[in-house]
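# Fold and geometry: a report
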Amino acid sequence: RKEVEQDPGPFNVPEGATVAFNCTYSNSASQSFFWYRQDCRKEPKLLMSVYSSGNEDGRFTAQLNRASQYISLLIRDSKLSDSATYLCVVNPPLDAGNMLTFGGGTRLMVKP
Amino acid sequence: ETGVTQTPRHLVMGMTNKKSLKCEQHLGHNAMYWYKQSAKKPLELMFVYSLEERVENNSVPSRFSPECPNSSHLFLHLHTLQPEDSALYLCASSQDGAGNEKLFFGSGTQLSVL
């Protein structure tokens, strides 16, 4: 089983739609979780951290489900500019290296 | 601008060449990283330096040789590479190298090995 697994997509959605991605992780003792965004031919940039109680930043909502070992990202009212690859990132515990582990990314394409 | 600058942006080299990738960060961070991003694969951590000391080396082949002369500069020296080493090489920095820190990435070097 991969340490961090994502559906590669692409998810093709119309402008204004709501879309959600999930990401599963294998180490149940993982401590920190993040979503990064990577535009085509650009570097990854932090989109948001994921907190145990869930958190929201404008149109973006991130949630953590420790029991089922997944995190999710919900995007409401999709914009054309949301088209990108969304990378799930997990920080395993100290005894597993304590270095951020990236998923393969989920590609989102928002159409007019 | 993320405060992390990488050069060159693109590099084409033959298998017998020697080249170096350069990374500089202007954020006052103490940790710097090299990642490899191949097509359709997750980012792979290659090297981590914290306060100029290497703290992580994920079994990277010796044809990749990192150098960190100070906390602001990081190099990746390349020699006798293979075509499968063609990828995007990303440099990143973070405040102290703790696993839960935000990473700031450079724009990357797109490397093609012929």
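Everything that follows concerns the structure shown earlier in this document.
Predicted model only: the values in this text are computed from it and were never measured.

### Quick notes on the overall build of chain A
When you go through chain A residue by residue, the secondary structure sums to 0 helices and 11 strands. The N-to-C order of helical and strand elements in chain A reads β-β-β-β-β-β-β-β-β-β-β. By the compact-globule yardstick of 13 Å for 112 residues, chain A fits well, its C-alpha radius of gyration being 14 Å. Oriented by its inertia axes, the alpha-carbon framework of chain A measures out at about 45 × 30 × 20 Å. In chain A, once contacts between residues fewer than 6 apart in sequence are set aside, the share between residues at least 24 apart is 58%. For chain A, the computed accessible surface area is about 5,600 Å², with 47% contributed by carbon and sulfur atoms. The distance from the centre of the 12 positive side-chain charges to the centre of the 11 negative ones in chain A is 4 Å.

### Comments concerning the interface of chain A and chain B
At the interface, 16 residues of chain A touch 21 residues of chain B. Of the roughly 1,500 Å² buried between chain A and chain B, counting both surfaces, carbon and sulfur atoms make up 62%. Along the contact surface separating chain A from chain B lie 2 residue pairs in polar contact (both at pLDDT 80 or more). Among the residues making up the side of chain A that touches chain B, the classes are represented as 8 nonpolar, 6 polar and 2 charged.

### Let's talk about the sheet that holds strand β7 (residues 64–70) of chain B
Strands pair in a sheet through their backbones, by hydrogen bonds, and they do so in one of two ways: parallel or antiparallel. All names here are of chain B. An order of β1-β3-β8-β7 is seen for the 4 strands of this open sheet, with the pairing classed as antiparallel. On the outer flanks of this sheet lie β1 (4–7) and β7, each paired with one strand and no other. Across the sheet, the mean angle from the axis of one strand to that of its neighbour is 15°, orientation sign disregarded. For strand β3 (residues 18–25) and strand β8 (residues 73–79), the ladder comprises 7 bridges, and the chain directions are antiparallel. Looking across to β8, one finds that K18 is bridged to H79.

### Comments concerning the pairing of strand β6 (residues 53–57) of chain B
Residues and elements named next belong to chain B. Bridging between strand β5 (residues 44–50) and β6 involves 4 bridges; their strand directions are antiparallel. Its bridge partner being in β6, V48 is matched across the sheet by E56. Here β5 folds back onto β6, and the loop between the two strands holds 2 residues, one of which, L51, carries a positive phi near 50°.

### Observations regarding the pattern of salt bridges
Residue and element names in this part refer to chain A. Going through the model one piece at a time under the given rule, you end up with 6 salt bridges over all chains. Linking R37 and D39 is a salt bridge whose minimum nitrogen-to-oxygen distance equals 2.8 Å. Exposure remark for D39: the relative accessible area of 31% places this residue in the partly exposed category. R59 is the partner of D82 in a salt bridge, and the nearest nitrogen-oxygen pair spans 2.8 Å. Separated by 23 residues along the polypeptide, D82 in the loop between β8 (70–75) and β9 (84–91) and R59 in the loop between β6 (55–57) and β7 (60–65) bring together distant segments of the chain.

Thresholds applied
- Residues numbered from 1 in each chain as written.
- Chains lettered and ligands numbered in written order.
- Predicted model: local features only at pLDDT ≥ 70, side-chain atom pairs only at ≥ 80, totals over all residues.
- Heavy atoms only, no water.
- Helix = DSSP H or I, 4+ residues; strand = E, 2+ residues; numbered from the N terminus.
- Rg over C-alpha atoms; globule rule 2.2 N^0.38 Å.
- Contact = heavy atoms within 4.5 Å.
- Areas by Shrake-Rupley, 256 points an atom, 1.4 Å probe, with all protein chains shown as cover.
- Lys, Arg positive; Asp, Glu negative; His and termini not counted.
- Charge placed at Lys NZ, Arg CZ, Asp CG, Glu CD.
- Buried area = accessible area lost by both parts, 1.4 Å probe.
- Polar contact = N/O pair within 3.5 Å; in protein donor to acceptor, adjacent residues only side chain to side chain.
- Nonpolar A, V, L, I, M, F, W, Y, C, P; charged D, E, K, R; others polar.
- Pairing = 2+ DSSP bridges.
- Axes fitted to C-alpha atoms, helices over the stretch in contact; angles between N-to-C directions.
- Salt bridge = Lys/Arg side-chain N within 4 Å of Asp/Glu carboxyl O.
- Buried < 20%, exposed > 50% of the residue type's maximum accessible area, 1.4 Å probe, protein only.

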